[in-house]
Structures are given as C-alpha cells and as structure tokens.
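Structure assessment
These are the residues of each chain, in order.
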Amino acid sequence: MSDRPAQTRPTHARTTEAGTRYAIVPVPGLSLHTVARRSGLHPDLIRRFVALGLVDAGSDASGRLVFDPTAPAALARVQRLRTGLCLNYASLGLVLDLLDRISLLEAALRRAGMRSDLPPWT
C-alpha cells in the first residue's frame, strides 16, 4: 500500500538470496476492530490512515481490512509524530518516509562496520 518499508518483519521468517522473506510459520492478520482496540483509536481514523498510506493493510477474501501484528506500534508512531510535532496527516507520510530512510541508512552503516560518533537521533 505504501512505498515505505515495513518497520519490523515477523520473527519467524527466512530470507532468500534475492532478499524475499518467506514466513516459516503463518502470521495471522489482525482485524480492524482488534487493531482499534489495541491502539485505542477509532476504526474510522485507522481507515483514514490506511487511505493516506500511513499504515499498511491488506484485505481478506470478503474485503475487510487485515493488518500485520505490528500495526498497533505503527499507529502509535503516527500518533506520537502527530501530537509531538503538531504535523498534519498529509505531512506525516513524508516524515515517516524520511525516518524509515534514515533507519535504513544507519543500518547499512552498521553492517559496513562504520559507526557515527553521534548517537541515533530517532
């Protein structure tokens, strides 16, 4: 649903040489109401976040939204950015993309054995 990489992947996954991840154990999806209950947000607000591309969701055979188990954490991140930085929903997508890109670059630096003297700011 979005160009952003997922924040976390299932722990029971195997990566192939091409970088594709396959779940060894099926990871069940969460329903909209389960995610709303766990995150404390109204389901309509979560639907809006999905429509804006701030949270990734799939759909089941009947067309209902299905979320990864990490969706409540992603929603909490969106809410922290919104309240902490007073951002509107449209600008949150850009900020999330930039934060994800920074995380990828920092991880690449760690893998390459190079470290910044500064602690990560995120």
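Model, not experiment: these values are computed from the prediction. (Residues numbered from 1 in each chain as written. Predicted model: local features only at pLDDT ≥ 70, side-chain atom pairs only at ≥ 80, totals over all residues. Heavy atoms only, no water.)

1. Digging into the overall build of the protein chain
If you tally the helices and strands in the protein chain, you get four helices and five strands. For the protein chain, the succession of helices and strands along the chain, N to C, is β-β-β-α-α-β-β-α-α. A total of 122 residues make up the protein chain; the buried ones form 26% of that total. Counting only contacts in the protein chain whose residues sit at least 6 apart along the sequence, the fraction spanning at least 24 positions is 45%. Entry remark: accessible area of the protein chain is about 8,600 Å², with carbon and sulfur atoms responsible for 57%. (Helix = DSSP H or I, 4+ residues; strand = E, 2+ residues; numbered from the N terminus. Buried < 20%, exposed > 50% of the residue type's maximum accessible area, 1.4 Å probe, protein only. Contact = heavy atoms within 4.5 Å. Areas by Shrake-Rupley, 256 points an atom, 1.4 Å probe, with all protein chains shown as cover.)

2. A look at the sheet that holds strand β5 (residues 65–67)
Where strands meet in a sheet, backbone hydrogen bonds hold them as pairs that are either parallel or antiparallel. Read from one edge to the other, the open sheet built from three strands follows the order β3-β5-β4, with strand pairing classed as antiparallel. For this open sheet the edge positions go to β3 (30–31) and β4 (58–59), each flanked by a neighbour on one side alone. Bridging between β3 and β5 involves two bridges; their strand directions are antiparallel. The residue bridging S31 from the neighbouring strand is V66, located in β5. (Pairing = 2+ DSSP bridges.)

3. Focus: the pattern of salt bridges
Applying the stated rule across the entire model yields three salt bridges. D60 is the salt-bridge partner of R64, the closest N and O atoms lying 3.4 Å from each other. Residue classification places R64 among the exposed positions, given a relative accessible area of 57%. (Salt bridge = Lys/Arg side-chain N within 4 Å of Asp/Glu carboxyl O.)

4. Considering the packing of aromatic side chains
Across all of its chains, the model carries one aromatic pair by this definition. Relative to Y89, the ring of F49 has its centre 5.2 Å away and its plane inclined at 65°; by these criteria the two rings are edge-to-face. Of this pair, F49 sits in helix α2 (residues 43–52) while Y89 sits in helix α4 (residues 89–111), placing them 40 residues apart in sequence. Above the face of the Y89 ring, R82 is positioned so that its terminal group lies 4.3 Å from the ring centre. (Phe/Tyr/Trp six-rings, centres within 6.5 Å; stacked < 30°, edge-to-face > 60°. Lys NZ or Arg CZ within 6 Å of the ring centre and 35° of its normal.)

5. Quick notes on the confidence of the model for the protein chain
Model confidence for the protein chain is summarised by a mean pLDDT of 81, while 72% of its residues fall at 70 or above. Low pLDDT (under 50) marks residues 5–16, which in the prediction has 24 contacts with non-local residues, meaning those over four places away or in another chain. (pLDDT = per-residue confidence, 0-100.)

6. Observations concerning the nonpolar core
Of all hydrophobic cores here, the largest spans 22 residues; its most connected members are V35, I46, F49, L54, F67, L75 and L92. Mapped onto this core, the elements with two or more residues apiece are α1 (32–39), α2, α3 (71–85) and α4. (Core = buried A, V, L, I, M, F, W, Y, C linked by side-chain atoms within 4.5 Å.)

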